Amino acid sequence: MDSRRSDRRGRRLPKAIKIVVAGGFGVGKTTLVGSVSETKPLRTEEFLTDKSVGVDDVAGVEAKATTTVAMDFGRITMKDEFVLYLFGTPGQERFWFMWDEIAIGALGAVVLADTRRLADCFPAVDYFERRGTPFIVAVNCFENSRQFELDEVEMALNLGKHVPVMLCDARDRESCKDVLVALVQHAMKVRKQPRTATV
């Protein structure tokens, strides 16, 4: 049975799905949401100032001038069947308290990773594992950064085979769409699996 709602004219409305985009500071979350959103994305970026020196680790992303302080928000419609609402989390530890609010009701999450600072995505991986939220890891391919095989990334993050890992370019709309499709398919597959009882 189709659970989608209809509008006043009887047209079926697409099913709304909430997706979280998480990862470390400067990994490309804002870029991904902005690249794929069909509407102008909501951004809560502020300029980095000297007040963040010693607080925010900018090693490897020294050129970064702004940072997300609350969330990013965008929307994309997939084949008129689904509307994905994208919520990008802030990356710095001082803003992690926002994650609980952002993650409520999410079907799944994309954990963006940067191989130059791979350890920065550990907190996001741990967070979604603890919550039992289905997630995939998308390695954002930055220019002039060393490329690794996906199984090397999987091993470095201590992921099981049940967590998909893929490459992406957060600047490219089609690449981002592929990531979102992979996440939705993975999350729906995970949610259909019967839960095993734990002792």
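Residues numbered from 1 in each chain as written. Predicted model: local features only at pLDDT ≥ 70, side-chain atom pairs only at ≥ 80, totals over all residues. Heavy atoms only, no water.

Undergrad: Talk me through the environment of Asn158; I want residue IDs and the actual numbers.
TA: Along the polypeptide, Asn158 turns up in the loop between α4 (150–156) and β7 (165–168). For the pair Asn158 and Val125, spaced 33 residues apart in the sequence, the C-alpha separation amounts to 9.7 Å. (Helix = DSSP H or I, 4+ residues; strand = E, 2+ residues; numbered from the N terminus.)

Undergrad: Explain the environment of Met78 to me, using residue names and the numbers behind them.
TA: Looking at where Met78 falls in the secondary structure, it is placed in strand β3 (residues 66–78). By relative accessible area, Met78 is classed as buried at 12%. On a C-alpha basis, the gap between Met78 and Leu180 in space is 9.7 Å, while along the polypeptide they are 102 residues apart. Residue contacts for Met78: discarding those within four places in its chain leaves Leu84, Lys177, Leu180 and Val181. (Buried < 20%, exposed > 50% of the residue type's maximum accessible area, 1.4 Å probe, protein only. Contact = heavy atoms within 4.5 Å.)

Undergrad: An account of the nonpolar core is needed here, citing residue identities and associated values.
TA: Grouped together as the largest cluster of nonpolar side chains are 25 residues, with contacts concentrated most on Ile19, Leu84, Leu86, Val110 and Leu180. Broken down by secondary-structure element, the contributors of at least two residues to this core are β1 (15–23), α1 (29–36), β3, β4 (82–88), β5 (108–113), β6 (135–140), β7 and α5 (173–192). Discounting residues that sit within four places of it in the chain, Leu180 has contacts with Ile19, Val36, Ile76, Met78, Leu84, Leu86 and Val110. One finds Ala106, Tyr127, Phe135 and Leu159 within the second-largest nonpolar core, a separate group that totals 24 residues. (Core = buried A, V, L, I, M, F, W, Y, C linked by side-chain atoms within 4.5 Å.)

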